[in-house]
Amino acid sequence: MHGAKQHPADGHPGQWVLIAPESATDPPKTPDSEPLFTKLRNPSTGEATLYLFNSGAQQLFEVKAFHEEYRSWFIGQTVQQDGRLLFVTPMDPLFMILYYLIKANKEQGKFQPLNQVVLDSEYPSCPLLLKCADVKQYIHHVTEEKEVDSQKFHKYSQEKTLKWLKKKVNQTVKALKSNNISVGERVHAATYISGKQITDTKEDYVRYAHGLISEYIPEDLSKELLKYLGLPELRSPAPEPPLKMPAQRHAKKK
C-alpha cells in the first residue's frame, strides 16, 4: 500500500492511499519524469476519468476508487480526510488510443500520423499515451498502416480491431477459468434469466468476458464485437401481465 501525493486546484497538498504494483510507483530516472495522476477521456463513455502514468510514462494504469462514508486514514501523525482507497491496475493504452482513432476515422477518414490523431484540447496529457512502451509495436492490431518517406501514417481498421478484441476476450476467458471464477450466475442475473440450476457454459464465459472488455470500448463497437463473437444480443424478458383483480373489486356499488 502506498501514499501518493496530490495537489488540488486550491494549492493545498493532500494525499491518497492506494494499492498499486511496484512498477506504478518506481522512482523517476529524471526529475521531470515522475509518476503522474491525470484525467483522460474514458474510452467507453468519453467522460473524464482518473489514470496514472508511471515514471517516464512508460506504462498506463487505471485508477478505481473504493469509497465509504465517514472513512478517514491515519497517516503518520496526521489524519487524511479523503478516506477513499484507490486501486491501481495496469491498462492497455491501445484502448485509449482506439477512441481517438475511431473519432478521426469518422471525421476525416484518412491516414494520419498518430501524433495528429491522439490529441485532445480538454486533456493535455493525452499525447503521453504514445510514449507508453510497445504502443508503436502493437498499433498495427487496430489500424491500417502506410509509410511515406520513413514516416508512418495510420487509419482505424474495424476488421483488425475486432480480431484483436476477440483475442482479448479469449485471454480473459482463459484467465477466468484458470482462477476458477464462476460466471454463470452473474451472466444470468445480469440478463434476468432464471433457471433451476445454473452451470458455467462456454457462452457464459465468452459473454461475461465480452462485458468486461466492453467497459473499455465505445458502445457501438461493443455491439459489433458481440456479433463478431457469434453471440446473440440478449433482451430483457417481457414483463409478466398483472394479476387479475378479484371480481368483487370490479363490482359496481349499488
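The sections below set out a description of the structure shown in this document. (Residues numbered from 1 in each chain as written. Predicted model: local features only at pLDDT ≥ 70, side-chain atom pairs only at ≥ 80, totals over all residues. Heavy atoms only, no water.)

### Examining unusual backbone geometry
For Ala 57, which is not glycine, the phi dihedral falls at a positive 55°. Residue position: Ala 57 is located in the loop between strand E4 (48-53) and strand E5 (60-66). Assessed through its relative accessible area of 6%, Ala 57 is described here as buried. For Asp 134, which is not glycine, the phi dihedral falls at a positive 75°. Within the fold, Asp 134 resides in the loop between helix H2 (114-117) and helix H3 (135-138). (Helix = DSSP H or I, 4+ residues; strand = E, 2+ residues; numbered from the N terminus. Buried < 20%, exposed > 50% of the residue type's maximum accessible area, 1.4 Å probe, protein only.)

### Here's the deal with helix H1 (residues 93-107)
Every α-helical turn comprises 3.6 residues, leaving residues that sit three or four positions apart pointing alike. If you check H1, its first and last C-alpha atoms are 22 Å apart, about what 15 residues at 1.5 Å a residue would give, namely 21 Å. Taken together, the buried positions of H1 are occupied by Pro 93, Leu 94, Phe 95, Met 96, Ile 97, Leu 98, Tyr 100, Leu 101, Ile 102 and Ala 104. At the N-terminal boundary of H1, the capping side chain belongs to Asp 92, with an oxygen 2.9 Å from the backbone nitrogen of Leu 94. The first or second residue beyond H1 is Gly 109, which carries a positive phi of 65°. (Expected span 1.5 Å × (residues − 1). Polar contact = N/O pair within 3.5 Å; in protein donor to acceptor, adjacent residues only side chain to side chain.)

### Concerning a negative patch on the surface
A cluster of like negative charges, contributed by Glu 144, Glu 145, Glu 147 and Glu 159, occupies part of the molecular surface. For the negative patch, the element with the highest residue contribution is strand E9 (residues 143-148), accounting for three residues. By the element assignment, Glu 144 lies in strand E9. (Patch = residues over 30% accessible without salt bridge, like charges linked within 9 Å, V, L, I, M, F, W, Y side chains within 5 Å. Areas by Shrake-Rupley, 256 points an atom, 1.4 Å probe, with all protein chains shown as cover. Salt bridge = Lys/Arg side-chain N within 4 Å of Asp/Glu carboxyl O. Lys, Arg positive; Asp, Glu negative; His and termini not counted. Charge placed at Lys NZ, Arg CZ, Asp CG, Glu CD.)

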